[in-house]
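# A closer look at the structure
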Amino acid sequence: MKKVIIFGATGNVGSYVHKYACEYFKDKYEVIATGHRRTDFFDKQGQKYVSVDISKADEFDKLPQEGVYAIIDLAAQIPSYMEGYQPEKYVQSNIMGAYNVLEYSRRVHADRILFSTTVFDISLSATNGAVLDPNTPFNFSYKGDHAVYVITKNTAIEFIKHYYEEYGLKYFIFRFPTIYNYSPYHYYHPNGVKTLRPVYRMIDQAMKGEPVELWGDPNYAKDMVHVYDCAQMLCKAVEVSRDHGWYNVGTGIPVTLREQIETIIKVFSPENHPSQIIYRPDKQVGGGFLMDVTNAKEELGYEPKYDVEALFRNYKEEMRENRFKTLRCE
């Protein structure tokens, strides 16, 4: 059986993508998880896992050397999980790591590679109300804590294009906005500072029946894509008969702030004591853009399955299941 190898399978998104891929490719491909950390999480579920530091070329000798059909590369150093500011980690992971993944793909004669980047590469175009085309040219700031991250991801993409032209390695690039999925770790690190994610603050308030603040314009809208819709798009790209493609990950469906918070209250608040919304127009929010997913639908057969209520009901289910608790807390 041919193999699909997922780099970054221990990550917040990668762990869900791996779960989805194992179910999607059952009896079609052997799915192998890889990640930097040492863990027995996958072994306990009867799944194959290989610990690999992608910044070190000799680590790839641990992986299969034949029968590899597709590589899904989700491994990266990202700003939201970096404490402080250590730009050299972006270079080691996002450039050298990606290069080593490409070299491994070439050596084992993989048919294709799937690679994730983020909407930060077009952040200056991602203004409120914008509909972002997947072919939008790079447009980002060379200042700030995200600059080196974006530069390293863009550099990796240039390497990927080279490997297609030079070696025929098919490639598919996926631009991620915020990918929504429940995590036992409720924090991120804007500007290197550990901070509770707003969605978990609102869920906690709703569960207690406490008021939930709505900042800014209630009709401000954004794209909210569930991790399993992201995984669906990736898995369909493994099977598609194409040489390359560049896709936005999203739904293309606007979700207003009011709808988001009303849904959180509907799903999480006690029926006899639901939270009330407190409107705070004095506090502004940004980033209300939509991802154009037309080409993903036409070329991959992608069709988003999770609306905002299904998204938060899955959060609630995963909170009860807490399937990735040991993986996040190891």
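Our structure is the block above this text.
Scope of this entry: the structure provided in the associated data block. (Residues numbered from 1 in each chain as written. Predicted model: local features only at pLDDT ≥ 70, side-chain atom pairs only at ≥ 80, totals over all residues. Heavy atoms only, no water.)

### Describing the overall build of the protein
Here is the rule we go by: Counting from the N terminus, the helices are DSSP H or I runs at least four residues long and the strands are E runs at least two residues long. Between the two quantities, the radius of gyration covers C-alpha atoms and the globule rule is 2.2 Å times the number of residues to the power 0.38. Buried, partly exposed and exposed residues are distinguished by accessible area as a fraction of the type maximum, computed with a 1.4 Å probe on protein chains only: under 20%, between the cut-offs, and over 50%, respectively. Only heavy atoms enter the contact rule, under which two residues are in contact if any of them lie within 4.5 Å. Per-residue and other accessible areas follow the Shrake-Rupley method at a 1.4 Å probe size, with only the shown protein chains counted as cover for residues. Charge convention: Lys and Arg are scored as positive, Asp and Glu as negative, and His as well as the terminal groups of each chain are ignored. A charge is said to be at NZ when it belongs to Lys, at CZ for Arg, at CG for Asp and at CD for Glu.
If you tally the helices and strands in the protein, you get nine helices and 17 strands. For the protein, the C-alpha radius of gyration of 20 Å lies close to 20 Å, the compact-globule estimate for 330 residues. Counting only C-alpha atoms and orienting by the principal axes, one finds that the protein spans roughly 60 × 45 × 40 Å. Burial statistics for the protein: of 330 residues in total, 52% are counted as buried. In the protein, of all internal contacts separated by at least 6 residues, the share reaching a separation of at least 24 is 80%. Total accessible area on the protein is roughly 15,100 Å²; 49% of this is exposed by carbon and sulfur atoms. Considering the protein, the positive charge centre built from 39 side chains and the negative charge centre built from 43 side chains are found 3 Å apart.

### Remarks on helix H6 (residues 257–268)
The cut-off we apply is this: For a helix, the expected span equals 1.5 Å multiplied by the number of residues minus one.
Between its first and last C-alpha, H6 extends 16 Å over twelve residues, near the 16 Å set by a 1.5 Å rise per residue. Turning to H6, the residues buried within the fold contact helix H4 (198–207), strand E11 (212–215), strand E12 (221–223), strand E15 (254–256), strand E16 (277–280) and helix H8 (308–321).

### Quick word on the packing of aromatic side chains
Just so we agree on the cut-off: Pairing of aromatic rings covers Phe, Tyr and the six-membered ring of Trp, with a centre-to-centre limit of 6.5 Å; geometry is then stacked below 30 degrees between planes, edge-to-face above 60, and tilted otherwise. As a reminder, the over-ring test applies to NZ of lysine and CZ of arginine, requiring each to be within 6 Å of the ring centre and within 35 degrees of the ring normal.
All told, the structure shown has 26 aromatic pairs when counted by the stated rule. An aromatic cluster of three or more residues is present, and its members are Tyr16, Tyr20, Tyr24, Phe25, Tyr29, Phe41, Phe42, Tyr49, Tyr69, Tyr228, Tyr306 and Phe324. Cation over ring: Arg201 sits above Trp215, and NZ or CZ is 5.8 Å from the ring centre.

### Here we look at the pattern of salt bridges
We count it as follows: Salt bridge, as applied in this entry: a Lys or Arg side-chain nitrogen positioned within 4 Å of an Asp or Glu carboxyl oxygen.
One pass over the structure, following the stated rule, counts 18 salt bridges. Across the salt bridge formed by Lys62 and Glu59, the nearest N and O atoms sit 3.1 Å from each other. Take Glu59: its relative accessible area is 18%, and that puts it in the buried class. Here Arg280 and Glu213 are joined by a salt bridge, their closest N and O atoms 3.2 Å apart. Placement of the pair is Arg280 in strand E16 and Glu213 in strand E11, with a sequence separation of 67 residues. Overall, the relative accessible area of 22% leaves Arg280 in the partly exposed class. Through salt bridges with shared partners, a single ionic network connects Asp111, Arg112 and Lys170.

### Description of the state of the cysteines
Using the following cut-off: Disulfides are defined as pairs of cysteine sulfur atoms found within 2.5 Å of each other.
Tallied over the entire structure, the rule returns zero disulfides. Free of any disulfide, Cys22 has its nearest neighbouring cysteine sulfur in Cys235, separated by 9.3 Å.

### Brief notes about the nonpolar core
As a reminder of what qualifies: Remark: nonpolar core denotes a set of buried residues (Ala, Val, Leu, Ile, Met, Phe, Trp, Tyr, Cys) joined through side-chain atoms within 4.5 Å.
By size, the foremost hydrophobic cluster in this structure holds 73 residues, and its most contacted members are Phe174, Val238, Phe312 and Tyr315. The dominant element in this core, judged by the number of residues it contributes, is helix H5 (residues 227–239), at nine residues. Discounting chain neighbours no more than four positions away, the residues touching Phe174 are Leu114, Phe115, Ser116, Thr117, Met233, Leu234, Ala237, Tyr247, Val249 and Leu300. Counting residues in each nonpolar core, the second largest holds 28 residues, with Val68, Tyr104, Phe115 and Tyr171 among its members.

### Focus on H8
Put simply, the test is: As used here, the arc belongs to the directions running from the helix axis to the C-beta atoms. By the criterion applied in these results, polar contacts are pairs of N or O atoms within 3.5 Å in which, for protein atoms, one can donate a hydrogen and the other can accept it, and in which residues neighboring in sequence qualify only through two side-chain atoms.
Its 14 residues give H8 an end-to-end C-alpha distance of 20 Å, which sits within 8% of 20 Å, the value for a rise of 1.5 Å per residue. Listing the buried residues of H8 in full gives Val308, Leu311, Phe312, Asn314, Tyr315 and Glu318. Buried positions in H8, seen along its axis, are confined to an arc of 150 degrees and lie on one side of it. The residue sitting at the N-terminus of H8 and contributing the capping side-chain oxygen is Asp307; that oxygen lies 3.2 Å from the backbone nitrogen of Glu309. Once H8 ends, the next one or two residues include Asn322, with phi positive near 50 degrees.

### A look at the sheet that holds strand E2 (residues 30–35)
In plain terms, the rule: Whether two strands pair comes down to DSSP finding at least two bridges between them. Orientation is described by axes fitted as lines to C-alpha atoms, over the contacting stretch for helices, and by angles from 0 to 180 degrees between their N-to-C directions.
The strand order across the open sheet formed by seven strands is E3-E2-E1-E4-E5-E7-E14, and the pairing between neighbours is parallel. Pairing within the sheet leaves two strands with one partner each, and these edge strands are strand E3 (49–51) and strand E14 (244–248). With direction set aside, neighbouring strand axes in the sheet form an average angle of 15 degrees. Judged from the five bridges that link them, strand E7 (residues 170–176) and E14 form a sheet pairing that is parallel. Each bridged residue has a counterpart across the sheet, and for Phe172 the counterpart in E14 is Gly245. Strand contacts of helix H2 (residues 87–107): strand E1 (3–7), strand E4 (68–73) and strand E5 (112–118), with the helix running at about 170 degrees to E4, the strand carrying the most contacts. Against the sheet, helix H3 (residues 147–167) makes contact with E5, E7 and E14, and its axis sits at roughly 160 degrees relative to E5, the strand it touches most.

### Re the packing of H4 against H6
Stated formally: Should an angle lie under 35 degrees it is considered roughly parallel, over 145 roughly antiparallel, and from 65 to 115 roughly perpendicular; all remaining angles are considered oblique. Handedness of each helix crossing follows the sense of rotation of the near helix against the far helix: counterclockwise by less than a right angle gives left-handed, clockwise gives right-handed.
Running from amino to carboxyl end, H4 crosses H6 at an angle of 45 degrees, the nearest separation of the two axes being 8 Å. Comparing their axes, H6 and H4 come out oblique. The element H4 and its partner H6 pack so that their crossing is right-handed. Every residue of H6 that contacts H4 at Val199, Met202, Ile203, Ala206 and Met207 is listed here: Gln260, Ile261, Ile264, Ile265 and Phe268.

Coordinates in, geometry out; function isn't part of it.
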